[in-house]
Amino acid sequence: MHVIAEMLSYPFLVRAFVGGILVSLCASLLGVSLVLKRYSMIGDGLSHVSFGALSVAIALGWSPLAVSIPVVVLAAFFLLRITENGKLKSDAAIAMISASALAIGIIVTSMTTGMTTDISSYMFGSILAMSPSDVKLSVVLSIIVLGLFIFCYHKLFAVTFDESFAKATGVRVERYNVLIAILTAVTIVLGMRMMGAMLISSLIIFPALTSMRIFKSFRGVMISSGLVSVTCFALGMVASYTFSTPAGASVVVVNLICFLLFSAWQAVGRIRG
């Protein structure tokens, strides 16, 4: 507690905690649906698209978030349409878009001088560099994401588990698939500053997979995923502050340890059962 109190005495760490907790919560809730629908790698693909868009925006002197959010949303929609039409498998479509966007970002970065530091912070994460405006934008968009997720919870549940049944009951499956893609795209862009393009997908995948080791119901996995994500983020930040390690990487390692602990708990339960 002493360490946390000391950390919260610094304004930039308070901003990091507020923005990070909200983004982690959004990513973990969306991650449950994405993992169950076998779209867990969409976060990785969209983060690379965001990196490409950010590179172009910084090179042209535009606002990085203002450019990357609509670009990533369009990429998510385009990716969804490709896979729905059956022209490409989801993993192939994600790999294609991911590699293309990353290549564009790298070329733009190599051709533009003076932007290496800015791009590096988005590539590998720099949560401690979050400005007050970054945090305000994260808070507003996170509230919108969480609000839409809660409001559409039952429809998203139906679409996640059985699209055919959902269609039969009158649910506009395509609309809610697009909603999931858009919410994921916004969350990815917000998390880029915090975790970087290389690590942001871990916030989507780890909490869901960890919770599925113990809980079997959709609601149980959702609640556990949110709690695990927020707890792992806080512990990762404390570890980063204590041992002077990169914040994003520390959060991922704590998530990995939590996953291993839950897996061990599951194995012990099976032996006793």
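In case you missed it, the structure is sitting above this.
Numbering of residues starts from 1 in every chain and runs along the sequence as written. The model is predicted, so local features are restricted to residues of pLDDT at least 70 and side-chain atom pairs to those at 80 or more, both for listing and for counting; the totals for chains, interfaces and linings are taken over all residues. Hydrogen atoms and water are omitted, and side-chain values are computed over all heavy atoms in the structure.

## Re the overall build of the chain
Line of reasoning, step 1. Runs of E in the DSSP output that reach at least two residues are strands. Runs of H or I that reach at least four are helices, and both are numbered from the N terminus. Along its length, the chain carries 13 helices and 0 strands.
Line of reasoning, step 2. Each helix and strand of the chain, placed in order from N terminus to C terminus, yields the pattern α-α-α-α-α-α-α-α-α-α-α-α-α.
Line of reasoning, step 3. Relative accessibility decides the category of a residue: with a 1.4 Å probe and only protein chains considered, values under 20% of the type maximum give buried, values over 50% give exposed, and everything between is partly exposed. Looking at the chain as a whole, 51% of its 273 residues qualify as buried.
Line of reasoning, step 4. Accessible area for the chain stands at about 13200 Å²; split by element, carbon and sulfur atoms hold 71% of it. All accessible areas in this document rest on Shrake-Rupley with a 1.4 Å probe, and a residue is counted as covered only by the protein chains that are shown.

## Some remarks on the nonpolar core
Line of reasoning, step 1. Only buried residues count toward a nonpolar core, which is a set of Ala, Val, Leu, Ile, Met, Phe, Trp, Tyr and Cys residues joined through side-chain atoms within 4.5 Å. Leu46 and Met237 are the most contacted members of the largest nonpolar core, which has 67 residues in total.
Line of reasoning, step 2. With 13 residues, helix α10 (residues 173-195) is the single largest residue contributor to this core.
Line of reasoning, step 3. Contacts are residue-level and defined by heavy atoms, with any inter-residue pair within 4.5 Å sufficient. What leucine 46 contacts, discounting residues up to four positions off in sequence, is Val72, Ala75, Ala76, Thr184, Ala185 and Ile188.
Line of reasoning, step 4. Val228, Val254, Cys258 and Phe262 belong to the second-largest nonpolar core, a separate cluster that totals 5 residues.

## Some remarks on the environment of tyrosine 39
Line of reasoning, step 1. By the secondary structure assignment, tyrosine 39 is in the loop between α2 (11-36) and α3 (42-60).
Line of reasoning, step 2. Placed 55 residues apart in sequence, tyrosine 39 and isoleucine 94 show a C-alpha to C-alpha distance of 9.2 Å.

## A closer look at helix α8 (residues 153-161)
Line of reasoning, step 1. Restricting attention to buried positions, one finds in α8 the residues Tyr153, Leu156, Val159 and Thr160. Burial along α8 is one-sided: seen end-on, the buried residues are contained in an arc of 130°.
Line of reasoning, step 2. Taken together, the buried residues of α8 touch α2, α7 (132-151), α9 (163-168), α10 and α12 (218-243). This arc corresponds to the set of directions leading from the helix axis out to the C-beta atoms.

## Quick word on a nonpolar patch on the surface
Line of reasoning, step 1. Each patch is built from residues that are more than 30% exposed by relative accessible area and take part in no salt bridge. Like charges join if they lie within 9 Å; nonpolar side chains (Val, Leu, Ile, Met, Phe, Trp, Tyr) join within 5 Å. One side-chain nitrogen of Lys or Arg within 4 Å of one carboxyl oxygen of Asp or Glu is enough to make a salt bridge. On the surface, a nonpolar cluster with roughly 270 Å² of combined accessible area is contributed by Ile4, Leu8, Val14 and Val18.
Line of reasoning, step 2. Summarising the element assignment, valine 14 is placed in helix α2.

## Some points on the pattern of salt bridges
Line of reasoning, step 1. Scanning the model with the defined rule gives 1 salt bridge in all.
Line of reasoning, step 2. With a shortest N-O distance of 3.8 Å, lysine 167 and glutamate 174 are connected by a salt bridge.
Line of reasoning, step 3. In this structure lysine 167 comes out as partly exposed when scored by relative accessible area, which is 47%.

## Looking at the packing of aromatic side chains
Line of reasoning, step 1. Each aromatic pair joins two rings of Phe, Tyr and Trp (for Trp, the six-membered one) with centres within 6.5 Å, and gets the label stacked for planes under 30 degrees apart, edge-to-face for over 60, and tilted for any other angle. One pass over the full model with this rule turns up 8 aromatic pairs.
Line of reasoning, step 2. An angle of 65° between the planes, with centres 6.3 Å apart, marks the rings of phenylalanine 206 and phenylalanine 259 as edge-to-face. Of this pair, phenylalanine 206 sits in helix α11 (residues 200-212) while phenylalanine 259 sits in helix α13 (residues 247-272), and the two are 53 residues apart along the sequence.
Line of reasoning, step 3. Phenylalanine 259 sits in the partly exposed class, given a relative accessible area of 21%.

## Points about unusual backbone geometry
Line of reasoning, step 1. Positive phi outside glycine occurs at serine 244, with the angle close to 55°.
Line of reasoning, step 2. Examined against the element boundaries, serine 244 turns out to sit in the loop between α12 and α13.

## Section: α10
Line of reasoning, step 1. One fewer than the residue count of a helix, multiplied by 1.5 Å, yields its expected span. Across its 23 residues, α10 extends 31 Å between first and last C-alpha, which sits within 8% of the 33 Å expected from 1.5 Å per residue.
Line of reasoning, step 2. The largest bend in α10 is about 25°, located at valine 189.
Line of reasoning, step 3. Counted residue by residue, α10 has 19 buried out of 23 residues, so it is predominantly covered.
Line of reasoning, step 4. Downstream of α10 by a residue or two, glycine 196 has a phi angle that is positive, lying close to 90°. Across the chain, bend at a residue is computed as the angle between axes fitted to the seven residues ending at that point and the seven starting from it.

## Describing the packing of α2 against α7
Line of reasoning, step 1. Put simply, α2 and α7 touch, their axes get as near as 9 Å, and they point 25° apart. Taken together, the axes of α2 and α7 lie roughly parallel to each other. Between α2 and α7 lies a crossing whose hand is left-handed. Between α2, through Arg15, Val18, Leu22, Val23, Leu25, Cys26, Leu29 and Leu30, and α7, the contact on the second element is made entirely by Pro132, Val135, Val139, Ser142, Val145, Leu146 and Phe149. Angles here are taken between N-to-C directions and fall from 0 to 180 degrees, while the axes themselves are lines fitted to C-alpha atoms, restricted in helices to the stretch in contact. Roughly parallel means an angle under 35 degrees; roughly antiparallel, over 145; roughly perpendicular, 65 to 115; everything else is oblique. The hand of a helix crossing depends on one turn: near helix anticlockwise from the far one by less than a right angle means left-handed, and clockwise means right-handed.

## Here's the deal with the packing of α3 against α10
Line of reasoning, step 1. Where α3 contacts α10, the axes come no closer than 9 Å and their chain directions differ by 60°. The pairing of α3 with α10 is recorded here as oblique in orientation. Our pair here, α3 against α10, has a crossing hand that is right-handed. Residues Ile42, Gly43, Leu46, Ser47, Ser50, Phe51 and Leu54 of α3 form the contact with α10, whose participating residues are Thr184, Ala185, Ile188, Val189 and Met192.
Line of reasoning, step 2. Residues are sorted three ways: Asp, Glu, Lys and Arg are charged, Ala, Val, Leu, Ile, Met, Phe, Trp, Tyr, Cys and Pro are nonpolar, and all the rest, Gly among them, are polar. Looking at the contact of α3 with α10 residue by residue, the class counts come to 8 nonpolar, 4 polar and no charged.

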